[in-house]
Structure formats: structure tokens, C-alpha cells
Amino acid sequence: FAKMVADGETISGRLREIYAKELFIVGKEDDFAKADIKTILLGYGPETVMSVYNSKYYDEMVATTGVIYDNVHCEPLQYLVTTGVLGFAAYILLVVSLLFCLYKKTRNNRDTYMYLIPVFAYFSQSFVNIAQSATTPLFFLIMALGVAALQSNQKSRLEGKDEFSAKELLSEEG
């Protein structure tokens, strides 16, 4: 199934192929690569994917899928289009650096798994899914809790404690 989606053999895969192709192919006068520097750095703005893509690729989208989509169906690409290279880089840097730090701490502290696993799972599925108002805030909340756990762990080590637990973090909050 993953190969079918990657090869564009499903409607969903074909849609993602259209978005990725049109986003990255250089040489067309109206694609993202030929946009002005402000648009490349800052993007088109929130919730603009439908207007940007429908004005350029409406016929191909309707001919291929029979439906008009308002989302890229790939969160990182969505961030690239809406927030530009700066927003995309900030998002990727935030998630990847947090995953790296949490992974490094799992050797000494098993409690960090409760942050590492959901952040990794959400980030992994975000390449084939859309940001949703019910799940995306939870993703950022779990990332914030992961940062708090890392800071609390560092504080514990400075105070001479060897262990950190989630109970300590929650009791300090309350």
C-alpha cells in the first residue's frame, strides 16, 4: 500500500504527487520556486493552500481525483507553503531537535519514552496526514511536556539527584 501511495497509484497518492511535483518543479512561471523572496521566506499565509493550488492546478486536481482539496495532506509541505522556508525550518528544527534530545535521555531515564514515542509517532504520520484542530495542539502540548521533563531532569542532576520521574514533574506543577 505504501508503495502504491508513493508511486501515485491511489487517488490519495496521486494528489500528494501533484502537490509535491507542483511545489518543487523549477521552471514554471507560477510555481513556489519562482515566487518572490517574501513568499519563499514567509509563505502564502495560513489556510491559503486551497486558493493557491486551485488558481493554478484546479483542472488537473479535478481530472485526477474528482474532488477539490484544500490541504496538502502532508503537514511539513503544508507548513512550507503556508509559513515559507523560515516556518518550515523552525518546525523541522523544533521537532527533530526535541526527538534527538529525548532519545539521548532515554538511556538514563525511561520516563522520557512517554514523550518520545508520541512525538515520533505524530511526526511520522504527519507526512501522510493533515493537521487537525483536535490533535495538533496535543502534539505541541506533549512536546512542551517533553521539554519540561528534560529541563527538570537537568535541574535534578545539578542538585545531585540521579533520577527523575513523571510524578516529580506533576507534583512540582501542582
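Conventions we followed
- Residues numbered from 1 in each chain as written.
- Predicted model: local features only at pLDDT ≥ 70, side-chain atom pairs only at ≥ 80, totals over all residues.
- Heavy atoms only, no water.
- Core = buried A, V, L, I, M, F, W, Y, C linked by side-chain atoms within 4.5 Å.
- Buried < 20%, exposed > 50% of the residue type's maximum accessible area, 1.4 Å probe, protein only.
- Helix = DSSP H or I, 4+ residues; strand = E, 2+ residues; numbered from the N terminus.
- Contact = heavy atoms within 4.5 Å.
- Axes fitted to C-alpha atoms, helices over the stretch in contact; angles between N-to-C directions.
- Parallel < 35°, antiparallel > 145°, perpendicular 65-115°, else oblique.
- Left-handed = near helix turned anticlockwise from the far one by under 90°.
- Nonpolar A, V, L, I, M, F, W, Y, C, P; charged D, E, K, R; others polar.
- pLDDT = per-residue confidence, 0-100.
- Phe/Tyr/Trp six-rings, centres within 6.5 Å; stacked < 30°, edge-to-face > 60°.
- Expected span 1.5 Å × (residues − 1).
- Bend = angle between axes of the 7 residues up to and from the residue.
- Patch = residues over 30% accessible without salt bridge, like charges linked within 9 Å, V, L, I, M, F, W, Y side chains within 5 Å.
- Areas by Shrake-Rupley, 256 points an atom, 1.4 Å probe, with all protein chains shown as cover.
- Salt bridge = Lys/Arg side-chain N within 4 Å of Asp/Glu carboxyl O.

**Considering the nonpolar core**
So, point 1. Counting residues in each nonpolar core, the largest one holds 15 residues, and the members touching the most others are Tyr-91, Val-95, Leu-99, Leu-102, Val-119, Phe-139 and Met-143.
So, point 2. Taken together, the elements giving at least two residues each to this core come down to helix H5 (75-105), helix H6 (113-125) and helix H7 (136-158).
So, point 3. Ignoring sequence-local partners within four residues, the contact set of Phe-139 consists of Tyr-91, Val-95, Val-119, Tyr-122 and Phe-123.
So, point 4. Counting ten residues, the second-largest nonpolar core is a separate cluster that includes Tyr-53, Tyr-69, Cys-74 and Leu-80.

**Focus: the packing of H5 against H6**
So, point 1. Put simply, H5 and H6 touch, their axes get as near as 11 Å, and they point 150° apart. By the angle class used here, H5 and H6 are roughly antiparallel. Of the two elements, H5 crosses H6, and the hand of that crossing is left-handed. Contacts between H5 and H6 involve Glu-75, Tyr-91, Ile-92, Val-95, Val-96, Leu-99, Leu-102 and Tyr-103 from the former and Tyr-115, Leu-116, Val-119, Phe-120, Tyr-122, Phe-123 and Gln-125 from the latter.
So, point 2. Here the contact of H5 with H6 is built from residues that sort into 13 nonpolar, one polar and one charged.

**With respect to the confidence of the model for the protein**
So, point 1. In the predicted model, the protein carries a mean pLDDT of 77, and the fraction of residues at 70 or more is 68%.
So, point 2. Per-element confidence in the protein is highest for H6, whose mean pLDDT is 94, and lowest for helix H1 (residues 2-6), whose mean pLDDT is 50.
So, point 3. Considering only residues more than four positions removed or in separate chains, one finds that residues 25-29, a stretch of pLDDT under 50, has nine contacts.

**A word on the packing of aromatic side chains**
So, point 1. Inspection of the entire model under this criterion finds five aromatic pairs.
So, point 2. On the numbers, 5.2 Å between centres and 75° between planes, the contact of Phe-123 with Phe-127 is edge-to-face.
So, point 3. Here Phe-123 falls in the buried class, since its relative accessible area comes to 10%.
So, point 4. A relative accessible area of 38% places Phe-127 in the partly exposed class.
So, point 5. With 5.4 Å between their ring centres and 70° between their planes, Phe-139 and Phe-140 make a pair best called edge-to-face.
So, point 6. Look at Phe-139 and you get buried, because its relative accessible area is 3%.

**So, helix H4 (residues 49-65)**
So, point 1. Here H4 spans only 17 Å end to end across 17 residues, well under the 24 Å set by a 1.5 Å rise per residue.
So, point 2. Maximum bend of H4: about 85°, positioned at Tyr-57.
So, point 3. Among the residues of H4, those classed as buried are Val-49, Val-52, Tyr-53, Asn-54, Tyr-57, Met-61 and Thr-65.
So, point 4. In the segment just after H4, Gly-66 is the residue with positive phi, at about 80°.

**Notes on a nonpolar patch on the surface**
So, point 1. On the surface, a cluster of nonpolar side chains totalling about 440 Å² of accessible area is made up of Ile-37, Leu-41, Leu-42, Val-85 and Leu-86.
So, point 2. Elements with a minimum of two residues in the nonpolar patch: helix H3 (37-42) and H5.
So, point 3. Of all the elements, H3 adds the most residues to the nonpolar patch, at three residues.
So, point 4. Relative to the helices and strands, Leu-41 resides in helix H3.

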